[in-house]
Amino acid sequence: MFFSLLPPHLNFFSGVCGCCGALRPRYKRLVDNIFPEDPEDGLVKANMEKLTFYALSAPEKLDRIGAYLSERLSRDVARHRYGYVCIAMEALDQLLMACHCQSINLFVESFLKMVRKLLESDKPNLQILGTNSFVKFANIEEDTPSYHRSYDFFVSRFSEMCHSNFEDPDIRTKIRMAGIKGLQGVVRKTVNDELQANIWDPQHMDKIVPSLLFNLQSGERSERTKTESPVELTERCFRELLGRAAYGNIKNAVTPVLMHLDNHSLWEGKTFAVCCFKIIMYSIQSQHSHLVIQQLLGHLDANSKSSATVRAGIVEVLLEAAAIAASGSVGPTVLEVFNTLLRQLRLSVDYELTGSYDGSTNIGTKIIKAHEERQLQEAVIRTIGSFANTLPTYQRSEVMLFIMGKIPVPGVHPSLPATALSCSILQSMVICEHVTAGFQTTNMLTALPSSFLEPLLSLSLTEDPEVRLLVLQILLSLIDRHDNRPKFSNISIISDISVLKLKVDKCSRQDNLFMKKHGQQLYRHIYLGCKEQSSGRQHYEALFALLGLLSVELANEEVVVDLIRLALALQDLALSTDEALPVYNRCAVHALSAAYLNLICQLTTVPAFCQHIHEVIEVRQKESLYLLPEDVFVDNPKLPTSLERVEGDKLFLQSKITEVLGGSGYNTERLATPYVPQYIGNNPRQHFSSIIQ
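The model shown is predicted, which means the values in this text are computed figures rather than measured ones.

Asker: Whenever I open this one, the overall build of the protein chain confuses me. Can you help?
Answerer: Looking only at helices and strands, the protein chain has 31 helices and 2 strands in total. A total of 693 residues make up the protein chain; the buried ones form 52% of that total. Excluding contacts between residues fewer than 6 apart, the proportion of contacts in the protein chain whose partners are at least 24 apart in sequence is 73%. Approximately 32400 Å² of the protein chain is accessible, and the part contributed by carbon and sulfur atoms is 51%.

In C-alpha cells:
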C-alpha cells in the first residue's frame, strides 16, 4: 500500500516485492505446493501432509486456508482447469476429515462455498464432484455447533438434480443418484442439530419427499448388476428419512407423499401408492403408526367427491397400513377410523343410487360409474375387517355396537329410499361378519350384550334372506369358542358323533347367566328363521350349526330340555298346513329336526332316548328319505309334490321322549310342555315374545 503511493520514479521496490515468493504467507505457499505442474499427476501427497500438519498445528489459520483454496477453485472453474478443481476438492476433503477443532466452522463456510460453486456449474462431472464432497462432509460429526449455517440452497439444488433430464441416460442416472445422495447427506447433517433450520419444515419436505418419490417411481431395480440402482438408493434414503422422524414430524413427512400421489394421479393404479405406504409403515417407529392412519383417513374425507378409483386407492392403502400396524396401533382414534370408513361407505351408496355427487337425480359433471362404486364399497368393508383384526376383543365389541348404531331404522329415516336402506343394512351385516371373524371370548355376556344382541336378532327377521344369513354367520362366529363350528357345516345323520371330536366344556356361571337372560330370544329366532319361506339350504345349515353350538358351548340341563322342545316344535311347524310353507321348506325343517335330535340324543347319552330317535330315522330311511338331510340338502333334492301323510312311526314323539328322559332325571313337566312362540302386535317381525303354553 505504501509503495503504491510513491511517485513512479521512486517506486523502485515494486519489482522486487512482486517477485519475492518468500514474502507470501506460509499457508498460501503450502496450499500452492499441493498443486503439481501437470494436474494429471494428481495431488502432491507429501506436500498435502505438510499442509495438514500445519492446519492441525495452527488451527486459527484454517479459515484462511479455506478461503484461499476457495479462491483458487473459483479461478480454476472459470478457466475450465478442471484437473486443478478436483485437486482442490480432494485437499478440502482431507482437511475436513483431519480437523475437528473449534475453528472448523469458518473453514466449513469456505468449503460449502466451494461445493456450491461446483453444484451451480452446468458440468455434470463438477456437480457430481461437489456432491461427493458434500456427502463426505455430512458424515463428519463436528465437535462445535454452528449457529448460522444454512442448507437451503443444497436442499433446492439436490432436489433439482433428482429431476435431471440430461440427454445422455447414463449421465442422467448419475446426476439423479448424486442428487439423492446429496439429500441423504443434508438429512444426516441437520436432522439431529437443533441449531439448524428444521429440515422437517414443509418448505424443505415439499422438495425432498417428491424428489425421492419421483426416483422411486421412475426407475428400475438392478437385478444382476452389483451397482445400486436409483430406485434402491432412493428407497434406502426414504427409509432413513422416515426412520429419523419424531412424533411431531410425521405429518410433515407424509403430507408431501399424499400431495404427490394426488398431483400425479397415482392412487388409481394403487400399486405405487401401496408401495410408498408400505415403506412408510415399516420405516417409522411403530408407536407412530396411528398418525399415518389418521392422515390417510383425513385425506379420504378430503377426497369424498373424487372418483371412485381414487377413493378406492386410498382405502386400499389404508388396508395395507392396518395390516402392517401393530395391535392397538390405531390408538385412541379407533371409533374415528370406523366412523370415517362407514361415512365413506354410505356416501358411495348414495352416489351409486343417485348418479351424482350432490345427491340430485341429475348426472353431474363427473360421471358416476356404479361398478366402480361397488368395488370401492367392497374395499371399504375389507379395510374395516382388517382394522378390526388388529384390535383386542373388548374393542371389537365396541366396534360392533358402533356399527349397529349406524344402521338406519325403517320409519325413522323416511327420506331414505328402500333400496338404500336395504343396501345399508346388508353392508352393515357384512362388516359385522368381518369384525367377528376370528373373534375369541370367554364371557358371552360381554361378547353379546343386550345392546348388540337385540338389534342383531331383530335383523334376523328381515325379509332379505341375505341379511338373515349374515346375522346367523355373525352369531355362529361369536358363540363358537372351541372351533366346533366347522364340524356342523353339513347337516347329516351321524351314527356315532364321537367321529366329530367335539370340544365340550362345562358351562361356566357366566354362560348359565347368558342363557337364562337370552336363551328364549335365541330359540324364538331359530324357530322364526325356519318359518321364512325365502330360507334356503344355507339358512337351514346355519340354523343347524347354531343349534349344535348352543348344545356344546352353552348347554346345561335346562338348556338341553328347551332345545329338545324347540326341535319338536320345528317338527310340528313342518306338519302344519296353516303356515303355507313350500314343500321344500317343510322337508327341510323335518330333516333339520331329525339331524338335531340325532345329535342331542347322543350328547345326553340316555340309551332309551337314542333308541327312539334311531328307530324313527330308520323308518324314514326305508319309507321317506325326503324327511332326512341326506336327500334334502343336496343340489337336486328329490321331493314329493305334497306332504299329506307324515305320521305314525315317521315322527318323533314328545310323549315318548318325555318318558325316557324323565326316567333319567330330566324335568318331565317342562319336557311335556310344547314350545310355542306368541306374537304381540300386528307385525311379528317387530314385536314378538315367547311364552310357555
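Additional details are given in the paragraphs that follow.
Asker: Please clarify how the packing of helix α15 (residues 289–302) against helix α17 (residues 334–354) should be interpreted in this entry.
Answerer: Each packed pair of helices is defined by two parameters, the angle between the axes and the distance between the axes. Running from N to C, α15 and α17 point in directions that differ by 25 degrees, and their axes come no closer than 10 Å. On the basis of their axis angle, the class for α15 and α17 is roughly parallel. Between α15 and α17 lies a crossing of left-handed hand. Here Ile 293, Gln 294, Leu 297, Leu 300 and Asp 301 of α15 come into contact with α17, specifically with Glu 336, Val 337, Thr 340, Leu 341, Arg 343 and Gln 344. Across the contact of α15 with α17, the residue classes break down as 5 nonpolar, 3 polar and 3 charged.

Asker: What's the story with the packing of aromatic side chains in this structure? I'm lost.
Answerer: Tallied over the full model, the rule gives 15 aromatic pairs. Ring geometry for Phe 338 versus Phe 387: centroids 6.4 Å apart, planes at 70 degrees, classification edge-to-face. With a gap of 49 residues between them, Phe 338 in helix α17 and Phe 387 in helix α18 (residues 370–389) connect regions that are remote in the sequence. Grouping residues by exposure puts Phe 338 and Phe 387 together as buried. Ring geometry for Tyr 527 and Tyr 675: centres 6.2 Å apart, planes at 70 degrees, overall edge-to-face. Of this pair, Tyr 527 sits in helix α24 (residues 509–531) while Tyr 675 sits in strand β1 (residues 675–679), placing them 148 residues apart in sequence. No difference in accessibility class separates Tyr 527 from Tyr 675, as the two residues are buried. Taken together, Phe 111, Phe 134, Phe 137, Tyr 151, Phe 153, Phe 154 and Phe 158 form an aromatic cluster joined through their ring pairs. Sitting over the face of the ring of Phe 137, Lys 189 holds its NZ or CZ atom 4.4 Å from the ring centroid.

Asker: Just to check I follow, could you spell out helix α30 (residues 654–662) for this structure?
Answerer: Count 3.6 residues to each turn of an α-helix, and residues three or four apart come out pointing the same way. For α30, the full list of buried residues reads Gln 654, Ile 657, Thr 658, Val 660 and Leu 661. Taken together, the buried residues of α30 touch α26 (557–575), α28 (607–623) and α31 (668–671).

Asker: Could you clarify how one ought to interpret the pattern of salt bridges in this entry?
Answerer: All chains considered together, the criterion is met by 22 salt bridges. In this structure, Arg 188 engages Glu 240 in a salt bridge whose closest nitrogen and oxygen atoms are separated by 2.7 Å. Of this pair, Arg 188 sits in helix α10 (residues 169–190) while Glu 240 sits in helix α12 (residues 230–243), and the two are 52 residues apart along the sequence. Relative accessible area serves as the criterion here: at 30%, Arg 188 is assigned to the partly exposed category. Assessed through its relative accessible area of 18%, Glu 240 is described here as buried. Two residues, Arg 565 and Asp 562, come together in a salt bridge whose shortest N-O distance is 2.7 Å. With Arg 565 and Asp 562 both in helix α26 and 3 residues apart, this pair spans about one turn of that helix. One continuous salt-bridge network, built from bridges that share partners, spans Arg 188, Glu 240 and Arg 244.

Asker: I would appreciate a short explanation of the packing of helix α8 (residues 124–138) against helix α9 (residues 152–162) in the present structure.
Answerer: In contact at an axis separation of 12 Å, α8 and α9 are set at 130 degrees when each is read in the N-to-C sense. What the angle tells us is that α8 and α9 run oblique. Handedness of the α8/α9 crossing: left-handed. For the pair α8 and α9, contact is made by Gln 127, Thr 131 and Phe 134 and by Phe 154, Arg 157, Phe 158 and Met 161, respectively.

Asker: For this particular structure, what's the right way to read the environment of Lys 503?
Answerer: Tracing the sequence through the fold places Lys 503 in the loop between α23 (465–479) and α24. By relative accessible area, Lys 503 is classed as partly exposed at 46%. In this structure, the C-alpha to C-alpha distance between Lys 503 and Asn 484, residues 19 residues apart in sequence, is 6.7 Å. Those residues in contact with Lys 503, other than ones at most four positions away along the chain, are His 482, Asn 484, Lys 487 and Val 552.

Asker: What's the story with the state of the cysteines in this structure? I'm lost.
Answerer: What is meant by a disulfide is a covalent connection between two cysteines, made through their sulfur atoms. Using the criterion set out here, one finds 0 disulfides in the structure. Unpaired in this structure, Cys 601 has its nearest cysteine sulfur neighbour in Cys 610, at a distance of 3.7 Å. Overall, the relative accessible area of 0% leaves Cys 601 in the buried class. The exposure class of Cys 610 is buried, given its relative accessible area of 13%.

Asker: Please clarify how α12 should be interpreted in this entry.
Answerer: Its 14 residues place the ends of α12 20 Å apart at the C-alpha level, agreeing with the 20 Å of an ideal helix rising 1.5 Å per residue. Looking only at α12, the buried set comprises Pro 230, Val 231, Leu 233, Thr 234, Glu 235, Cys 237, Phe 238, Glu 240, Leu 241 and Leu 242. Looking at the buried side of α12, the elements it contacts are α10, α11 (202–218), α13 (250–263) and α14 (271–283).

Asker: Please explain a negative patch on the surface as it appears in this structure.
Answerer: On the surface, Glu 37, Asp 38, Glu 40 and Asp 41 cluster together into a patch of negative charge. Within the element layout of this structure, Glu 37 appears in the loop between α3 (26–33) and α4 (45–57). When its relative accessible area of 80% is taken as the criterion, Glu 37 is described as exposed.

So, how was this worked out
- Within each chain, residue numbers correspond to sequence positions counted from 1 in written order.
- Where totals are concerned, whole chains, interfaces and linings use all residues; where local detail is concerned, this predicted model gives features only for residues with pLDDT of at least 70, and gives and counts side-chain atom pairs only at 80 or more.
- Only hydrogens and water are removed before side-chain values are computed, so all heavy atoms of the structure are retained for them.
- Helix numbering and strand numbering both begin at the N terminus, where a helix is a DSSP run of H or I of at least 4 residues and a strand a DSSP run of E of at least 2.
- Summary of the burial criterion: residues with accessible area below 20% of their type's maximum are buried, those above 50% are exposed, and those between are partly exposed, where the area comes from a 1.4 Å probe applied to protein chains only.
- Whether two residues are in contact is decided by their heavy atoms, any of which lying within 4.5 Å being enough.
- For accessible areas, the Shrake-Rupley method is used with a probe of radius 1.4 Å. Any residue's cover is judged against the shown protein chains and nothing else.
- Here an axis means a line fitted to C-alpha atoms, over the contact stretch when the element is a helix, while the angle between two N-to-C directions is reported on a 0 to 180 degree scale.
- An angle counts as roughly parallel when it lies under 35 degrees, as roughly antiparallel when it exceeds 145, as roughly perpendicular when it falls between 65 and 115, and as oblique in every other case.
- If you view the pair so one helix is near and one far, a crossing is left-handed when the near helix is turned anticlockwise from the far one by less than a right angle, and right-handed when it is turned clockwise.
- Only Asp, Glu, Lys and Arg are considered charged in this grouping, and only Ala, Val, Leu, Ile, Met, Phe, Trp, Tyr, Cys and Pro are considered nonpolar; every other residue, Gly among them, is considered polar.
- Working definition: rings of Phe, Tyr and Trp (its six-membered ring) pair if their centres are within 6.5 Å, and the pair is stacked with planes under 30 degrees apart, edge-to-face with planes over 60 apart, and tilted otherwise.
- For a lysine, the NZ atom is tested; for an arginine, the CZ atom; a charge sits over a ring if that atom is within 6 Å of the ring centre and within 35 degrees of the ring normal.
- Each reported salt bridge corresponds to a side-chain nitrogen of Lys or Arg within 4 Å of a carboxyl oxygen of Asp or Glu.
- Counting rule for disulfides: a pair of cysteine sulfur atoms within 2.5 Å.
- The span expected for a helix works out to 1.5 Å for each residue beyond the first.
- Each patch is built from residues lacking any salt bridge and having more than 30% relative accessible area; the joining distance is 9 Å for like charges and 5 Å for nonpolar side chains (Val, Leu, Ile, Met, Phe, Trp, Tyr).
- Positive charges come from Lys and Arg, negative ones from Asp and Glu, while His and the chain ends are left out of the count.
- To locate a charge, take NZ of a lysine, CZ of an arginine, CG of an aspartate or CD of a glutamate.

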